[in-house]
Amino acid sequence: MRVFQVQGVRGFQLAASRPRALGFPASRLFIHCDHFPEEFSIIVTLRVLSVPAKRNEYVFTLMAEESPSVLVGLRYAPDKLHFLFWSQEHAGGWQTRVTFPNVSLSDNQWHTLVLAVSGQSFSLTVDCSLPKDVVVETPFPASLSVKRASFYLGNRRRRKGVFTGLLRQLVLLPGADATPRICTAMNFKVATLSVPTVLQDLPAKPASNEVLKYPYVKQRLDYLEEYQNLVTNSETMGVEIFTIPKVGLFAATANRYTPPGSAIYKWTDGKFVPYQNIPTYQAQSWKYFTIGKKIFLAVANFEQNDRGQEFSVIYKWSRRKEKFITYQRITTHSARDWEAFVIEGEAFLAVVNHREGNNHNIDSVIYRWNPRTGLFETNQTIPTSGAYDWEFFTIGPYSFLAVANTFNGTSTKIYSHIYIWLSGSFQLFQSILTFGAADWEVFSIGDRVFLAVANSHSYDSGMPAPSNFYAINSSIYELNITAQMFVKFQDLLTYSALDWEFFSVGDDSFLVVANSFDGFTFSVNSIIYRYCCGRRAGLGGWVERPCREPSTGATSVDAGASAQGGQIALLPVSGEVSGQE
């Protein structure tokens, strides 16, 4: 392997004499998962020499040991580009070839290609021009095993078909169409996502001979790794992560049993460590919020205290003591959740009351902050039925509050409601039929607004019992501006879902659901979904990531931050600069 500079741009020239030397095991990339991503982009920057009319040259291949078959590969011929993949279940064990015609690369110029793969859809963008879309009968396999397989750069493990041009960039980006990330450069033909150090503008002396010792790898997007196993006082119903300015990062756990109550942890030396213990009574959730310079933390208590009193508590951060102290007690009834929000400069706090004794049809309460007394005072009551969750959100100048109603005493098949703030109070905006709704999650993608509901179970005392109370669709709704209402966008099968959480990683959008029970066991998978946006109008939806995250009766999930990166570069870290044209 040598490095040449042409037209001011560097690239690798691959040796044709030893094609096997240009390979490395797939296990070096797929450390935690031995399956090729179901959806991905391949980004290539190359300079192709003239190719004889009947000759094909390979950009890369993925091949199993002791088998001549190409599992995944990219090759080009004069005016054509072929993407190859092996699909055992859909094509009887034959190789599928997706051909993009009228692709002119053999002009001795640099070109950047982005190949985006999703199911039966394949899209090729050359130098950020209009994409070429191809739909084939055989979809890319959902579970292509890479066990005992290896990547080969510029060849298919033999001398015939070796790539004779220059290769500058070769990147696998799992779970995303990389076109928007690539097509922001001034020079589209040499747009950079991940280029080895030795090929960058400034010469770099490699620390050692690292050519193909390890692939050039950046942050992975596809996998979540366990970072810390946090031991809590008892079963934890929820976690609230927050930052106190100039103090640090904290996590408050809502623990079921008293004693010992719930705990607050502080991030110290790269991990959460116990910081403060607070007496709670079957705590369900915490809510962190601020009013001016005041910092508060409210707990939703589900049970009575030792004196038979039933209230939830608002704690205030003491800067002098550097801990939370009791600030205000509020009478609640099996409280499940607090929601803090601001409307027109005024602070509000809403509590979800789940039931009073055996009566699930009770009022939940919205409190308004009185700056004169420094206390929260009742502003409005809203009838709810076994409610679990409030979700506040704004759309333009309008403020909304959605309640997740779970049970009315006889059925979980009941309406949950969305309220809109008008003339100083919340008024009914829309009712949506739900099945034991446990959570609402609002999020936006671009200028589109979505609302996801977690349905926990289907029960009706007056109807025949279903085969499984807990395997039930949870639904995602999208705001239709013209109709001025939320309309169903997609159903996703969940297992007694208790929580949704939306987050983003780079340009990708994700939803993670907390599944708790499948009717047989609490050891069920909670699933991360990625939003897949098709190029054609009307396409798009949530699909499972290649890897599922195991959970044991999950009650909630929380996204604390977003990250960048996620691409896997297949070119080596460094090489020797050998020539220039």
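Note that the structure is a prediction, hence the values are computed from the model and not measured.

Peer 1: Quick question: what am I supposed to make of the overall build of the protein here?
Peer 2: When helices and strands are counted, the protein shows one helix and 43 strands. A total of 581 residues make up the protein; the buried ones form 52% of that total.

Peer 1: Where do I start with the nonpolar core in this structure?
Peer 2: Within the largest apolar cluster, 50 residues are counted, with the highest numbers of intra-cluster contacts made by F36, F83 and F140. Residues in contact with F140, not counting those within four places in the same chain, are F36, P37, E38, F40, V72, F83, F85, V117, G119 and F122. Of all hydrophobic cores here, the second largest spans 18 residues; its members include F242, F250, W286 and F311.

Peer 1: Explanation requested: the sheet that holds strand β20 (residues 271-278) in the structure shown.
Peer 2: Backbone hydrogen bonds hold the strands of a sheet together, and the pairing may be parallel or antiparallel. Taken in spatial order, the four strands make up an open sheet running β17-β18-β19-β20, and their pairing is antiparallel. On the outer flanks of this sheet lie β17 (236-244) and β20, each paired with one strand and no other. Neighbour-to-neighbour, the strand axes of the sheet open up by a mean angle of 25 degrees, direction not taken into account. Two elements, strand β18 (residues 248-255) and strand β19 (residues 262-268), share four bridges in a ladder whose sense is antiparallel.

Peer 1: Got a minute to help me understand the sheet that holds strand β36 (residues 485-495) in this structure?
Peer 2: Taken in spatial order, the four strands make up an open sheet running β33-β34-β35-β36, and their pairing is antiparallel. Edge positions in the sheet fall to β33 (437-445) and β36, since each of these pairs with one other strand and no more. Neighbour-to-neighbour, the strand axes of this sheet turn through a mean angle of 20 degrees, independent of strand direction. As paired elements, strand β34 (residues 448-455) and strand β35 (residues 471-480) share four bridges and run antiparallel to each other. Residue pairing for β35: F450 is matched across the bridge by E478.

Peer 1: How do you make sense of the environment of R158 when you look at a structure like this?
Peer 2: Locating R158 in the fold gives a position in the loop between β14 (149-153) and β15 (166-174). Among the residues examined, R158 registers a relative accessible area of 43% and is labelled partly exposed. Between the alpha carbons of R158 and P68 there is a distance of 9.8 Å; along the sequence they are 90 residues apart.

Peer 1: How should the packing of aromatic side chains be read in this particular structure?
Peer 2: What characterises a pair of aromatic rings is the spacing of the ring centres plus the angle enclosed by the ring planes. Across all of its chains, the model carries 51 aromatic pairs by this definition. Seen in terms of ring centroids, F242 and F250 are 5.7 Å apart; in terms of plane orientation they differ by 10 degrees. Their pairing is stacked. Of the two residues, F242 and F250, both sit in the buried class. On the basis of an interplanar angle of 75 degrees and a centroid distance of 5.3 Å, the ring pair of F250 and Y275 is categorised as edge-to-face. Of this pair, F250 sits in strand β18 while Y275 sits in strand β20, and the two are 25 residues apart along the sequence. Members of the aromatic cluster, joined through ring pairs, are F24, F30, F36, F40, F60, F83, F85, F122, F140 and F151.

Peer 1: How do you make sense of the pairing of β15 when you look at a structure like this?
Peer 2: Within a regular strand, the side chains alternate between the two sheet faces. Counting buried residues in β15 gives nine out of nine residues, a clear majority hidden from the surface. Pairing of strand β2 (residues 9-13) with β15, which is carried by two bridges, proceeds in the antiparallel orientation. Paired with F12 across the strands is L167, a residue of β15. Summarising the sheet, strand β5 (residues 39-47) and β15 pair through eight bridges and their orientation is antiparallel. Residue S41 lies in a different strand from β15, and its bridge partner there is L173.

Peer 1: Got a minute to help me understand the pattern of salt bridges in this structure?
Peer 2: Two side chains with opposite charge may pair up if their charged atoms get near one another. One pass over the full model with this rule turns up nine salt bridges. A salt bridge links R148 to E65, with the nearest nitrogen and oxygen atoms 3.6 Å apart. Here E65 lies in the loop between β6 (57-64) and β7 (70-77) and R148 lies in the loop between β13 (144-145) and β14, a separation of 83 residues in the sequence. In this structure R148 comes out as exposed when scored by relative accessible area, which is 63%.

Peer 1: What should I look at first to understand the environment of N229 in this one?
Peer 2: Mapped onto the elements of the fold, N229 is located in the loop between β16 (215-217) and β17. Owing to a relative accessible area of 62%, N229 belongs among the exposed residues under this scheme. Expressed as a C-alpha distance, the spacing of N229 and K271, which sit 42 residues apart in the sequence, is 9.7 Å.

Peer 1: Before we go on, may I ask you to explain unusual backbone geometry in this structure?
Peer 2: When glycine is set aside, most residues are seen to have a negative phi, and most peptide bonds are trans. Looking along the chain, the bond that leaves T258 and enters P259 is cis, with omega of -15 degrees. Looking at the element boundaries, P259 is found in the loop between β18 and β19. Omega for the peptide link from P259 to P260 comes to 10 degrees, which places this bond in the cis form. Tracing the backbone through its elements, the reader meets P260 in the loop between β18 and β19. Notably, D269 is not glycine yet its phi reads approximately 55 degrees, a positive angle. Within the secondary structure, D269 sits in the loop between β19 and β20. A residue is classified by how much of its surface remains accessible, and D269, at 78% relative accessible area, is exposed.

Peer 1: Whenever I open this one, the confidence of the model for the protein confuses me. Can you help?
Peer 2: Low-confidence regions, as indicated by low pLDDT, have predicted coordinates that should not be scrutinised in detail. Confidence in the prediction for the protein averages 85 pLDDT; 84% of positions are at 70 or higher. Here residues 534-539 is modelled with pLDDT under 50, and outside its nearest four sequence neighbours on either side it reaches 10 contacts, counting other chains as well. With pLDDT under 50 throughout, residues 573-581 is counted as low confidence; its partners more than four residues away or in other chains account for 32 contacts.

The rules behind these values
Residues numbered from 1 in each chain as written. Predicted model: local features only at pLDDT ≥ 70, side-chain atom pairs only at ≥ 80, totals over all residues. Heavy atoms only, no water. Helix = DSSP H or I, 4+ residues; strand = E, 2+ residues; numbered from the N terminus. Buried < 20%, exposed > 50% of the residue type's maximum accessible area, 1.4 Å probe, protein only. Core = buried A, V, L, I, M, F, W, Y, C linked by side-chain atoms within 4.5 Å. Contact = heavy atoms within 4.5 Å. Pairing = 2+ DSSP bridges. Axes fitted to C-alpha atoms, helices over the stretch in contact; angles between N-to-C directions. Phe/Tyr/Trp six-rings, centres within 6.5 Å; stacked < 30°, edge-to-face > 60°. Salt bridge = Lys/Arg side-chain N within 4 Å of Asp/Glu carboxyl O. pLDDT = per-residue confidence, 0-100.

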